[in-house]
Amino acid sequence: EADVREPGEIVLSARLFFEIVRKLSDEKIFISNDESLKTTIKSGHAEFTIMGISATEYPEIPSVSDGVGFTVAQNTLKSMIRQTLFAVAQNDTRPVHTGTQFELEQGILRMVSVDGSRLAMRSEKVNSQETLKFVVPGKTLGEVLKLMTDEETPLSLVVGKRHVVMEIDG
């Protein structure tokens, strides 16, 4: 929740912004920027100034309007990712090895990772009769893993021609 005095948008370095906000006290945080995109972050006695980027230069988040979707419990997918992610190649001459292949067929979701010397495969029943095959980069799965809970709440995946959108708790 925020008290917005003047609406606007700006792009800030996520890593730098996170580090600043994490170190601030629990007091209110004031964020402002000027026309030269210089952003000031204040809280208590602390004040930081960082440079931003115009929001119009930020790439659009991809949408998958014509995709095929299915849902799976977060704890199930989290377990599947953990049990296959170790076999994803860190750097390989074959880029497909740096990801995990998802195969959905006849209500079975299978995840397969391979790095040239190791192979990891995990299958689970899901509530979908769709037939899909796609690869998700290992780095992406590592980030998604951090967002998931150990609960049975549903996670939805929508697969388009070039993108996969995962929705976790909205």
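Residues numbered from 1 in each chain as written. Predicted model: local features only at pLDDT ≥ 70, side-chain atom pairs only at ≥ 80, totals over all residues. Heavy atoms only, no water.

Caption draft 1: Spotlight on the pairing of strand β4 (residues 46-51). As judged from the 6 bridges shared by strand β3 (residues 38-43) and β4, these two strands associate in the antiparallel manner. Looking at β4, one finds that Ser 43 is bridged to Ala 46. (Pairing = 2+ DSSP bridges. Helix = DSSP H or I, 4+ residues; strand = E, 2+ residues; numbered from the N terminus.)

Caption draft 2: Up close: the nonpolar core. Of all hydrophobic cores here, the largest spans 21 residues; its most connected members are Leu 77, Phe 102, Leu 109, Phe 134 and Met 148. Going through the elements one at a time, β6 (68-73), α2 (74-85), β7 (99-105), β8 (108-114), β10 (132-137), α3 (138-147) and β11 (154-159) are the ones with two or more residues in this core. For Phe 102, the residues in contact, after removing those within four places along its chain, are Leu 77, Leu 109, Arg 110, Met 111, Leu 132, Lys 133, Phe 134, Val 136 and Leu 141. (Core = buried A, V, L, I, M, F, W, Y, C linked by side-chain atoms within 4.5 Å. Buried < 20%, exposed > 50% of the residue type's maximum accessible area, 1.4 Å probe, protein only. Contact = heavy atoms within 4.5 Å.)

Caption draft 3: Region of interest: the packing of aromatic side chains. Inspection of the entire model under this criterion finds 1 aromatic pair. Pairing Phe 102 with Phe 134 gives two aromatic rings, centres 5.0 Å apart and planes at 15°, and the pair type is stacked. Here Phe 102 is found in strand β7, whereas its partner Phe 134 is found in strand β10, with 32 residues between them in sequence. Across this residue pair, the class does not change: Phe 102 and Phe 134 are buried. (Phe/Tyr/Trp six-rings, centres within 6.5 Å; stacked < 30°, edge-to-face > 60°.)

Caption draft 4: Summary view of the sheet that holds strand β12 (residues 164-168). Spatially, the 3 strands line up as an open sheet ordered β6-β11-β12, and their pairing is antiparallel. Two strands lie at the open edges of the sheet, namely β6 and β12, each paired on one side alone. The average angle at which neighbouring strand axes cross in this sheet is 20°, direction not considered. Direction of pairing for β6 relative to β11: antiparallel, over a ladder of 6 bridges. Paired with Ala 73 across the bridge in β11 is Pro 154. (Axes fitted to C-alpha atoms, helices over the stretch in contact; angles between N-to-C directions.)

Caption draft 5: Quick peek at the side chain of Arg 122. Mapped onto the fold, Arg 122 is located in strand β9 (residues 119-125). Among the polar contacts listed, one links the side chain of Arg 122 to the side chain of Glu 124, at a separation of 2.5 Å. If sequence neighbours within four positions are ignored, Arg 122 has contacts with Ser 79, Met 80, Gln 83, Thr 84, Leu 109, Arg 110 and Met 111. (Polar contact = N/O pair within 3.5 Å; in protein donor to acceptor, adjacent residues only side chain to side chain.)

All quantities given are derived from atomic positions and should not be read as evidence of function.
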